[in-house]
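Spelled out, the chains give:
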Amino acid sequence: MPRPLRVAIVGAGPAGIYAADALLKSEAASDPGVSIDLFERMPAPFGLIRYGVAPDHPRIKGIVTALHQVLDKPQVRLFGNVDYGTDIHLDDLRSFYDAVVFSTGAMADRELRIPGVELDGSLGAADFASWYDGHPDVPRTWDLSAEKVAVLGVGNVALDIARILAKTAEELLPTEIPPNVHEGLKANKALEVHVFGRRGPAQAKFSPMELRELDHSPNIEVIVNPEDIDYDEGSIAERRKNKQTDMVAKTLENWAIRDVGDRPHKLFLHFFEAPQEILGTDGKVVGLRTERTELDGTGNVKGTGRTTDWDVQAVYRAVGYLSDELPKLPWDVATGTVPDEGGRVIEEGGTHLSSTYVTGWIRRGPVGLIGHTKGDANETIAHLLEDHAAGRLQTPTTPAPEAVEAFLGERGVRFTTWEGWYRLDAAEKALGEPEGRERVKIVERDAMLDASGA
């Protein structure tokens, strides 16, 4: 009797779950069916949504509802707290599955090469997000003694960092932040937050809604310098072509012409300022030097040679995420991705690494919104199924589903399951209930494992 197609997906964030969904919706799912196991390094699923999205963005976290429906399917299993490269390896996965899909995402900070980046007070946006999102593998405290702070970057991550720094702890208390984060934010001294972009308003990568949300806080005064509102032919063409770009530009224009109000925390959005150096004294950040830029007619900018030193005591680098290199897979150092063609992993010689695929940010880099990974997953799974139909997949030696659980048990891996997520979910909601909050996130890994019944 034909057995189901067995697929392992490494990474249970949106990209991996979208890949599982694509498999479930394919013709292969009907006869003889598919059997999908997701392996996740964290004890809980959902990846970037749980550990990268700011806690005051429940609208984005609502994506979890759709992902839940996929993981509820009987053809899908979750193995949490299982680290690829440590607890299980590529050869192990190949012995259990017809194909392996990697969707491990990106959680580290991309390098910024300017002098002073090593100073105390030069901080990574991804590290800060991991702290305020209660990631179990980061320190429980964060130095928030700086009264004036710089954020480098003009994407949604930069907005998240700036907004969390500018809000009060009490504003954020109704969210799912754990107690250690609330205590840390109560000690936050930041009164000025300066966000810097080297290009102009038409080149900012903000989402219109996320940008407008900055102005919703009763404690944050958003300030834009009228001199930073400038467009060239390339910028105007981009506004005409892209509705979101035009909406962002209009919002910034409106903020630039209004009078500055009296909200206690000031959030400045600076354009045409390219970071040149993080300034330090005695090993600590004391300022930021930027060079004024100007548009060149194409939407790009060139330096003017004029510099400004900004009085700040901390600099957050929000210049992009970077994926971790995966053992036994080819790696493109320049892009921080696994080389591929249509989701098929490609070795140095140009051949497809048999039965091995990638999707999401580990494939194309950390660009686009969460929903963009769905099309990525569909393409990868289409090629996986094409290879399956053509007989190009390797045949596993032990495809029985129970063999995986036995393997992890023999290795002494304390893994969580989808049923365990329901227990952890209930435990976090129970912690929030006395305070009228939806949930309070459990931070410590052992506590997560205990709550999950690992």
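Please refer to the structure placed before this passage.
Computed from a predicted structure; not experimentally measured.

Q: Any chance you could break down the overall build of the protein chain for me, citing the residues and the numbers?
A: A count of helical and extended segments in the protein chain gives 17 helices and 18 strands. Its C-alpha radius of gyration of 23 Å places the protein chain within 12% of the 22 Å reference for a compact globule of 454 residues. With respect to the three principal axes, the spread of C-alpha positions in the protein chain is 75 × 55 × 40 Å. Going through the 454 residues of the protein chain one by one, you find that 57% of them count as buried. Long-range contacts, defined as pairs at least 24 residues apart, comprise 76% of the intrachain contacts of the protein chain with a sequence gap of at least 6. Within the structure as shown, the protein chain displays about 19800 Å² of accessible surface, and the carbon and sulfur contribution to it stands at 51%. In the protein chain, 50 side chains carry a positive charge and 72 a negative one; their mean positions are 3 Å apart.

Q: Account for the pattern of salt bridges, with residues named and values stated.
A: Applying the stated rule across the entire model yields 42 salt bridges. Between D311 and K148 there is a salt bridge, with the nearest N and O atoms lying 3.3 Å from each other. A residue pair is termed long-range when its members are at least 10 positions apart, and D311 in the loop between β13 (301-310) and β14 (314-317) and K148 in strand β7 (residues 148-152) qualify at 163 residues. A network of salt bridges, in which partner residues are shared, links R50, E176, D425, E428, K429, R439 and K441.

Q: Would you mind going over the sheet that holds strand β3 (residues 76-80) in detail, with residue names and values included?
A: With respect to topology, seven strands assemble into an open sheet ordered β3-β2-β1-β4-β18-β17-β16, the strand pairing being mixed. Each having just a single partner strand, β3 and β16 (340-341) make up the two edges of the open sheet. Pairing of strand β17 (residues 344-346) with strand β18 (residues 352-358) involves two bridges; the strand directions are antiparallel. Within β18, the residue paired with I346 across the bridge is H352. This element, helix α1 (residues 14-24), spans β1 (5-10), β2 (34-40) and β3 of the sheet and lies at about 175° to β2.

The rules behind the values
- Here the residue index of a chain counts from 1 through its sequence in written order.
- Where local features are concerned, this predicted model is filtered to residues with pLDDT of at least 70; where side-chain atom pairs are given and counted, the filter is 80 or more; whole-chain, interface and lining totals use all residues.
- Side-chain descriptors were evaluated using all non-hydrogen atoms of the structure, hydrogens and water having been removed beforehand.
- Numbering of helices and strands starts at the N terminus; helices are DSSP runs of H or I of at least 4 residues and strands are runs of E of at least 2.
- Values of the radius of gyration come from C-alpha atoms, whereas the globule rule sets the reference at 2.2 Å times the count of residues to the power 0.38.
- Burial status follows relative accessibility: with a 1.4 Å probe on protein chains alone, a residue under 20% of its type maximum counts as buried, one over 50% as exposed, and anything between as partly exposed.
- In what follows, residue pairs with any heavy atoms lying within 4.5 Å of each other are defined as contacts.
- Computed with the Shrake-Rupley method and a 1.4 Å probe, the accessible areas treat only the protein chains shown as cover for residues.
- His is not counted here, nor are the chain ends, while Lys and Arg score as positive and Asp and Glu score as negative.
- For the purpose of locating charges, the reference atoms are NZ of Lys, CZ of Arg, CG of Asp and CD of Glu.
- A pair is scored as a salt bridge if a Lys or Arg side-chain nitrogen falls within 4 Å of a carboxyl oxygen belonging to Asp or Glu.
- Two strands qualify as a pair provided that DSSP identifies no fewer than 2 bridges between them.
- Inter-axis angles, ranging from 0 to 180 degrees, are taken between N-to-C directions of lines fitted to C-alpha atoms, where helices are fitted over the stretch in contact.

Don't take any of this as a statement about function, it's just geometry.
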